[in-house]
Amino acid sequence: MEYENLVGLLKARTDAHPERPFLRYYRDESWQDWSYAIVLRRVEAIAGGLAALGIRSGERVAIIAGARPEWLLADLGSMAAGAIVAGVDPRLSPHETACTLDHAEVRVAFVEGPNHAARLAEFRHTMPHLEHLALLEGEAPDGAGLLSLAALEALAEPDQGADLLARQARRPREAPAAICYTSGTTGVPRGAVLTHGQLLGALEAAAHAFGDEHAEVDVWLDAAPPSHALGRVCGQFAPLLLGRTLAFARRGDTLVDDAAEVRPHAIVAAPHVLARMIERVPTRPIRERLGDRLSFVFCGGAPVPTDVEHAFEAEGVHVCAGWGLAETAGPVTLNRPGATRPGSIGRPLPGIEVRVGEDGELLVHGPNVFSGYLRDPEGTEDAFDRNGFLRTGDIGHIDDDGFVHLTGRRKEMIVTTDGRSVAPQKLEQMLRERPFIASAMAYGHQRPFVVALITLDRDALISWHPELSDRPLDDPALHTLVEDEVRRVNDRLAQFERIRAFRLLEGEPADPEPLPRRARRRRAEARHQKLLEAMYAAEQVASRPS
């Protein structure tokens with residue numbers, strides 16, 4: 001084996017072709033490259049800088065940023081210092097970000113820039129372990145208690161980073177490498193701890209599944225968030241495993257132009273980004289518009305719309321749609337060339353076993369399955385069945401040809417069309433805590449955003465606003481009153497969790513009969529389907545440009 005871990009993998013690929021372009025990015029109005037040798041030197045410098053700050057093996061570092069080359073530098077540099085790296089979605093609210101950093105006992109956090117650092121300032125007192133914030137972009141203002149990335153790298157002693165990297169490159173596969181945070185059913189995030197071996201296990205299983213198919217895939221274009229497994233494992237680590245060039249898209253809405261200029265052989269993106277790409281090239285051949293070399297699109301986190309898949313496949317671009325979790329270091333199943341079935345999530349990757357439990361839950365076992373949740377032994381124990389298979393929470397079946405099909409969720413998580421997980425119980429509890437709201441039901445599974453059905457607390461209205469207590473539900477003053485309360489809830493939520501529209505009801509939104517909670521929710525959704533559909537139609541019409 002030429003490598004034992006991700007740090008050793010970087011060293012092996014650099015030794016093999018040091019001058020080959022590794023990272024490609026757009027800056028100063030042009031595309032620029034960093035070779036494997038340049039990346040290795042900067043990773044060594046970051047490792048040395050972290051060591052100078054006192055970071056030791058096994059301690060936690062976080063990265064709070066979108067996809068950019070510095071994300072991977074900070075990730076690998078932290079691993080080269082022996083740290084365990086938590087990826088944190090930059091779209092979380094400052095409060096939720098602070099809770100995550102505190103839970104992981106993070107000592108150093110990399111953030112995109114001064115504005116992102118300022119958003120955390122209010123909550124620094126809630127993070128007693130956090131000692132340093134390092135900016136991935138820009139210079140640190142004087143007296144702000146921040147470090148620029150360049151200043152961090154300059155802290156390293158000569159050869160310190162290289163010595164650290166060489167030592168860490170020999171760590172066994174069982175060494176922890178990363179923490180991937182995922183929402184629990186109550187909305188409390190859980191940190192799935194992944195070892196180097198589990199990350200490499202997912203990568204190697206996918207590479208084995210493709211065989212020689214990826215031999216001509218030289219340039220990858222990544223447009224997926226690295227705080228999630230799709231972006232981190234498939235978008236960033238996969239090109240490293242293969243020794244290829246990784247280009248970073250500027251933004252989701254520039255992906256078509258980026259692809260035309262970079263001319264990638266593969267794109268990694270969420271399904272909703274692919275749908276927007278199709279909308280931007282309605283009258284031209286897709287492959288031609290995307291640089292004329294595209295062969296594969298890798299996506300996950302949500303179903304791929306059938307029309308989007310057909311549009312790509314018609315031009316010889318294979319849509320590799322798959323299924324995975326944070327707890328599986330990314331892909332478990334994948335539709336791949338020669339093994340594709342529309343409507344399925346593909347077959348299990350080599351070496352990974354998928355079973356269907358007695359209640360229809362999909363169970364997974366393999367070299368990619370996580371070690372456990374950080375500081376949560378009970379949650380870890382509950383995550384596995386008596387045979388050591390991971391309980392995924394997804395309901396599905398496996399057809400006679402081995403293709404896996406998803407049919408629902410064992411728990412009640414909402415998964416929006418861009419793959420974001422939202423805990424409805426969390427939103428409903430927050431709404432019930434507001435004055436004038438008696439009960440609520442959040443809705444949005446496989447929808448672009450979340451909406452809610454809300455019941456008024458008439459008793460509270462009598463006490464505080466008697467003039468409104470007998471108004472009908474469509475009264476503008478009543479709507480404004482509740483809208484203010486919903487806005488206060490939204491201010492405490494991440495952007496993707498926020499309630500975009502609501503309707504008022506008399507009585508309970510969910511069925512009060514003594515049924516299991518999931519059954520009550522489904523019955524309520526069916527009963528109010530027209531009202532729910534009307535909210536999406538109205539919101540989408542209002543969002544169109546005039």
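Please read all numbers here as calculations on a predicted model, not as lab measurements.

Asker: Quick question: what am I supposed to make of the side chain of N5 here?
Answerer: As for its placement among the helices and strands, N5 is situated in the segment before helix 1 (6-16). Separated by 2.9 Å, the side chain of N5 and the backbone oxygen of R171 make a polar contact. The contact partners of N5, leaving out residues within four places of it in the chain, are Q168, A169, R170, R171, H196 and L200.

Asker: Would you mind showing me how to read the packing of helix 11 (residues 271-280) against helix 13 (residues 306-313) here?
Answerer: Describing two packed helices takes the angle between their axes plus the distance from one axis to the other. Their axes nearest at 10 Å, the elements helix 11 and helix 13 cross at an angle of 60 degrees. As for the relative orientation of helix 11 and helix 13, their crossing is left-handed in sense. Counting all contacts with helix 11, which are made through L274, A275 and I278, the residues of helix 13 involved are V308, A311 and F312. Here the residues of the contact of helix 11 with helix 13 sort into six nonpolar, no polar and no charged.

Asker: Please clarify how the pattern of salt bridges should be interpreted in this entry.
Answerer: Close approach of charged atoms lets side chains of opposite charge pair. Inspection of every chain in the model, using the stated rule, returns 33 salt bridges. In this structure, R263 and D292 form a salt bridge, with 2.9 Å as the shortest nitrogen-oxygen distance. Linking R263 in the loop between helix 10 (255-262) and strand 12 (266-268) with D292 in the loop between helix 12 (286-289) and strand 13 (296-299), this pair joins segments that are 29 residues apart in sequence. The exposure class assigned to D292 is partly exposed, which follows from its relative accessible area of 40%. The closest approach of N and O atoms between R341 and D401, which form a salt bridge, is 2.8 Å. Of the two residues, R341 sits in the loop between strand 15 (330-334) and strand 16 (347-348) while D401 sits in the loop between strand 20 (390-398) and strand 21 (404-409), which places them 60 residues apart along the sequence. Put simply, R27, R68, E70 and E137 are held in one network by salt bridges that share partners.

Asker: Help me understand the packing of helix 1 against helix 3 (residues 69-80) in this model?
Answerer: Two elements in contact, helix 1 and helix 3, have axes separated by 9 Å at closest approach and are oriented at 110 degrees. Judged by the angle between their axes, helix 1 and helix 3 are roughly perpendicular. Note that helix 1 runs across helix 3; the crossing there is left-handed. Contacts from L6, V7 and L10 of helix 1 reach helix 3 at L76, M79 and A80. For the contact of helix 1 with helix 3, the class distribution of residues is six nonpolar, no polar and no charged.

Asker: Explain the environment of C299 here, please?
Answerer: Tracing the chain through its elements places C299 in strand 13. Each C-alpha atom, one on C299 and one on R124, is 36 Å from the other, the two residues being 175 residues apart in sequence. Excluding residues that lie within four positions of it along the chain, C299 makes contacts with L230, A269, P271, L274, V304, V319, C320, A321 and G322.

Asker: I would appreciate a short explanation of helix 1 in the present structure.
Answerer: Residues that lie three or four places apart on an α-helix share one face, since the helix turns once every 3.6 residues. Counting buried positions along helix 1 gives eight out of eleven residues, so the element sits mostly inside the fold. All of the buried residues in helix 1 are L6, V7, G8, L9, L10, A12, R13 and T14. Its side-chain oxygen at 3.1 Å from the backbone nitrogen of V7, N5 defines the N-terminal cap of helix 1.

Asker: I would appreciate a short explanation of the sheet that holds strand 12 in the present structure.
Answerer: Backbone-to-backbone hydrogen bonds join strands into a sheet, with any given pair of strands oriented parallel or antiparallel. Pairing in this open sheet of nine strands is mixed, and the strands run 2-1-11-10-12-13-14-15-16 from one edge to the other. The open sheet has two edge strands, strand 2 (30-35) and strand 16, and neither has a second partner. One ladder, built from three bridges, connects strand 12 with strand 13; its direction is parallel. Residue pairing for strand 13: I267 is matched across the bridge by V297.

Asker: It is not clear to me how the environment of L199 should be interpreted in this structure. Could you clarify?
Answerer: Examined against the element boundaries, L199 turns out to sit in helix 8 (residues 196-210). Taking the C-alpha atoms as reference points, L199 and L242, 43 residues apart in sequence, are found 14 Å from one another. The residues touching L199, leaving out its near neighbours within four places in the chain, are L6, A177, A178, L194, V233, F237 and A329.

Asker: It is not clear to me how the packing of aromatic side chains should be interpreted in this structure. Could you clarify?
Answerer: For any two aromatic rings, the description comes down to two numbers: the centre-to-centre distance and the angle of the planes. Taken as a whole, this structure holds eleven aromatic pairs when the rule is applied. Look at Y26 and W31: their rings are 5.4 Å apart centre to centre, the planes differ by 75 degrees, and that puts the pair in the edge-to-face class. Assessed through its relative accessible area of 22%, W31 is described here as partly exposed. Put simply, the rings of F210, W220, F296 and F298 touch in pairs and so form one group of aromatic residues. Over the ring of Y26 we find R250; its NZ or CZ atom is 4.2 Å from the centre of that ring. Taking NZ or CZ as reference, R500 lies 4.2 Å from the ring centre of F449, over its face.

Reading the values: the criteria
- Residues numbered from 1 in each chain as written.
- Predicted model: local features only at pLDDT ≥ 70, side-chain atom pairs only at ≥ 80, totals over all residues.
- Heavy atoms only, no water.
- Helix = DSSP H or I, 4+ residues; strand = E, 2+ residues; numbered from the N terminus.
- Polar contact = N/O pair within 3.5 Å; in protein donor to acceptor, adjacent residues only side chain to side chain.
- Contact = heavy atoms within 4.5 Å.
- Axes fitted to C-alpha atoms, helices over the stretch in contact; angles between N-to-C directions.
- Left-handed = near helix turned anticlockwise from the far one by under 90°.
- Nonpolar A, V, L, I, M, F, W, Y, C, P; charged D, E, K, R; others polar.
- Salt bridge = Lys/Arg side-chain N within 4 Å of Asp/Glu carboxyl O.
- Buried < 20%, exposed > 50% of the residue type's maximum accessible area, 1.4 Å probe, protein only.
- Parallel < 35°, antiparallel > 145°, perpendicular 65-115°, else oblique.
- Pairing = 2+ DSSP bridges.
- Phe/Tyr/Trp six-rings, centres within 6.5 Å; stacked < 30°, edge-to-face > 60°.
- Lys NZ or Arg CZ within 6 Å of the ring centre and 35° of its normal.

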